Every structure is written in C-alpha cells, then in structure tokens.
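# Coordinates in review
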Amino acid sequence: MELELISFKLCPFVQRSVITLLHKQVPHTITYIDLNSPPAWFSEISPLGKVPVLRVDNRHAIFESAVINEFIDEVTPGRMHPEDPVRRAINRAWIEFASDCWGDHMQITSAPEEAKFRAHRAALEAKLARLEQVLGDGPFFNGDSLALVDTAFAPLFMRLEMLNRFVSTYDRETLPRVAAWSDALLALPEVRDSVVPEFEKLYLATVRNRSDYLDDCLDAA
Ligand SMILES: N[C@@H](CCC(=O)N[C@@H](CS)C(=O)NCC(=O)O)C(=O)O
C-alpha cells in the first residue's frame, strides 16, 4: 500500500499522523504544500482545503487527522487504541478534547497583550486540569503503550514546551501528571522526528508574527 501524506510544515494535525506512521514504522512519503497558495490538485482532494490528507495508492484521499490515524492503525500490525470498547470510546472523546485545546493554543499565541494572554492561558490550564484528573501513573495516557490519544496531544505539548522557555503556558507544579506525560511524549524519537528540522524556528517566527505580547517575551528572553 502506497501512502502519501499531504502536509503543511507547521500543522499539528498532520503531526499526529506523522507520529503514528513513525511509531508503526510504516513506509510513507510526505508532500508539503503552501496553505496560503495551495496547488489546484489539493483543492480537488481536500473538501475543506485542509491538511492532512492521506493519499492511498494514488487513488483514494482520506481527510481528517483522527480518521487518518485510525486508518493507519487498522491497516498495520498492533493497536494504538485500547481493546476495551468503553476505554476506546473514552480515548476517542479525549482526542476530540485535544482539538478543543488547539483553540486555546491559537488564542494564547495570538494574544496582543498580557491580559489577554493570561485569560487564554487560564482557559487552557482549566482544560489541562481536567486531564490531570484522568491521567494515571503513565508514562502515557493509557499506561505503558503509546496510543492514538497520545499522538493527539504530543503536538500541543511540543509547542507549549517551546513557549515555556520564554513564558509559562501552564503551571507544571500544579499539574504534575500532565507535565510528566508531556515529558514522556517529547522524549520519544517518533515525536521528535515528526516535524521538520527547522520547525522551532518556523514556529517561533509565526508566534512572533501573531502576538505582540509573545514577541516582547521572546525579545526579553
Ligand atoms: N479537523 C482537522 C483540522 C485540520 C486543520 O485545521 N488543518 C489546518 C492546518 S493546521 C488547515 O489545513 N487549514 C487550512 C484552512 O483552514 O484553510 C483535522 O483534524 O485534520
């Protein structure tokens, strides 16, 4: 089966699928497009004009990262979802929750001034506090093995840690399970290698562009 992932270098949703492909050691290619000026062929295969899209055997196009991830998981050996249907459903619900956390990340990284940053930081922290309540002893969401739900959060934690060097995006002390989960995910080679080498530079440049407040924090660091 030939798998081609259509990507944008900064997209966290694409990154989820890359982590899954790398974790499962699935041969694949990645084609990067410029979302500001997408090629005509992309509009034909992506109904919402969004990445990721997974092209299968150059014949089928699958969109939506959660669906792509489940597909990759199903067609390769091993399972990145719990066997128990209730637990599996709960994992899917938290994957959806991860997408909501992206809204807060977007707001945080677009904040024009400190007061707005603080308000959106509080919203994100409240969501992370919900996660703190459901996390066990780790290292991953379900325990010892990496699951699709972990791939949904790893891109968020990667970005938050990049920002944490300049400004605190959540309090690691009051959310120790979240912090430990983040550390465990970011230590994985499949997470580290799920972005292009120049990712941090690109990401911080985008953040500087979007937020005057974070631009000042980066300057002050
Ligand atoms: N729900 C989608 C979200 C994908 C998404 O928002 N992708 C962004 C890039 S990170 C995109 O393609 N945006 C282009 C647009 O909205 O025009 C998924 O999980 O795949």
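Everything that follows concerns the structure shown earlier in this document.
We now turn to the structure provided with this report. Model, not experiment: these values are computed from the prediction.

## Remarks on the sheet that holds strand E2 (residues 29-32)
- With respect to topology, four strands assemble into an open sheet ordered E2-E1-E3-E4, the strand pairing being mixed. Two strands in the sheet have a free side with no partner beyond their single neighbour: E2 and strand E4 (60-63). When strand polarity is set aside, the average angle formed by the axes of neighbouring strands in this sheet is 25 degrees.
- Judged from the four bridges that link them, strand E3 (residues 53-56) and E4 form a sheet pairing that is antiparallel. Residue pairing for E4: Val 56 is matched across the bridge by His 60.
- Relative to strand E1 (residues 3-7), helix H1 (residues 12-23) is tilted by about 150 degrees, and along the sheet it contacts E1 and E2.
- Sitting on the sheet, helix H3 (residues 65-74) touches E1, E3 and E4, and the angle it makes with E4 is about 120 degrees.

## Topic: the pairing of E3
- Of the two faces of E3, both are covered, the one formed by Val 53 and Arg 55 as well as the one formed by Leu 54 and Val 56.
- Across four bridges, E1 lies against E3 in antiparallel orientation. Looking at E3, one finds that Leu 3 is bridged to Val 56.

## A look at the nonpolar core
- Counting 51 residues, the largest nonpolar core has Leu 131 and Phe 153 as the members making the most contacts within it.
- Mapped onto this core, the elements with two or more residues apiece are helix H4 (85-108), helix H5 (114-134), helix H6 (148-164), helix H7 (176-186), helix H9 (199-210) and helix H10 (212-220).
- Element by element, the count of residues in this core is highest for H6, at 11 residues.
- Sequence-distant contacts of Phe 153, defined by excluding residues within four places in its chain, comprise Trp 94, Phe 97, Ala 98, Cys 101, Leu 131 and Trp 181.
- Of all hydrophobic cores here, the second largest spans 18 residues; its members include Leu 5, Leu 21, Val 56 and Ile 72.

## With respect to the site of the ligand
- Taken together, Cys 11, Pro 12, Phe 13, Leu 35, Gly 49, Lys 50, Val 51, Pro 52, Glu 64 and Ser 65 make up the full set of residues adjacent to the ligand.
- Here an oxygen atom of the ligand sits 2.9 Å away from a polar atom, N or O, in the main chain of Val 51.
- Here an oxygen atom of the ligand sits 2.6 Å away from a polar atom, N or O, in the side chain of Ser 65.
- About the coverage of the ligand: the protein hides 68% of its 520 Å² of free accessible area.

## Details of the packing of aromatic side chains
- Across all of its chains, the model carries 10 aromatic pairs by this definition.
- Between Trp 41 and Phe 42 the ring centres are 6.3 Å apart and the planes differ by 90 degrees, which places this aromatic pair in the edge-to-face class.
- On the basis of relative accessible area, Phe 42 is assigned to the buried category, the value being 1%.
- Measuring from centroid to centroid gives 5.2 Å for Phe 157 and Trp 181, while their planes differ by 75 degrees, and the two rings are edge-to-face. One end of the pair, Phe 157, is in helix H6; the other, Trp 181, is in helix H7, and 24 residues separate them in sequence.
- A connected cluster of aromatic rings, assembled from ring pairs, spans Trp 94, Phe 97, Phe 141, Phe 153, Phe 157 and Trp 181.

## Some thoughts on the packing of H1 against H6
- Close contact between H1 and H6 brings their axes to 9 Å; oriented N to C, the two are set at 130 degrees. Here H1 is positioned oblique relative to H6, judged by the angle of their axes. Regarding H1 and H6, the two cross each other, and that crossing is right-handed. Side by side, H1 and H6 meet where Pro 12, Gln 15, Arg 16, Ile 19 and Thr 20 of the first sit next to Leu 148, Thr 151, Ala 152, Ala 154, Pro 155, Met 158 and Arg 159 of the second.
- Split into classes, the residues belonging to the contact of H1 with H6 amount to seven nonpolar, three polar and two charged.

The rules behind these values
Residues numbered from 1 in each chain as written. Predicted model: local features only at pLDDT ≥ 70, side-chain atom pairs only at ≥ 80, totals over all residues. Heavy atoms only, no water. Pairing = 2+ DSSP bridges. Helix = DSSP H or I, 4+ residues; strand = E, 2+ residues; numbered from the N terminus. Axes fitted to C-alpha atoms, helices over the stretch in contact; angles between N-to-C directions. Contact = heavy atoms within 4.5 Å. Buried < 20%, exposed > 50% of the residue type's maximum accessible area, 1.4 Å probe, protein only. Core = buried A, V, L, I, M, F, W, Y, C linked by side-chain atoms within 4.5 Å. Near = heavy atom within 4 Å. Polar contact = N/O pair within 3.5 Å; in protein donor to acceptor, adjacent residues only side chain to side chain. Areas by Shrake-Rupley, 256 points an atom, 1.4 Å probe, with all protein chains shown as cover. Phe/Tyr/Trp six-rings, centres within 6.5 Å; stacked < 30°, edge-to-face > 60°. Parallel < 35°, antiparallel > 145°, perpendicular 65-115°, else oblique. Left-handed = near helix turned anticlockwise from the far one by under 90°. Nonpolar A, V, L, I, M, F, W, Y, C, P; charged D, E, K, R; others polar.

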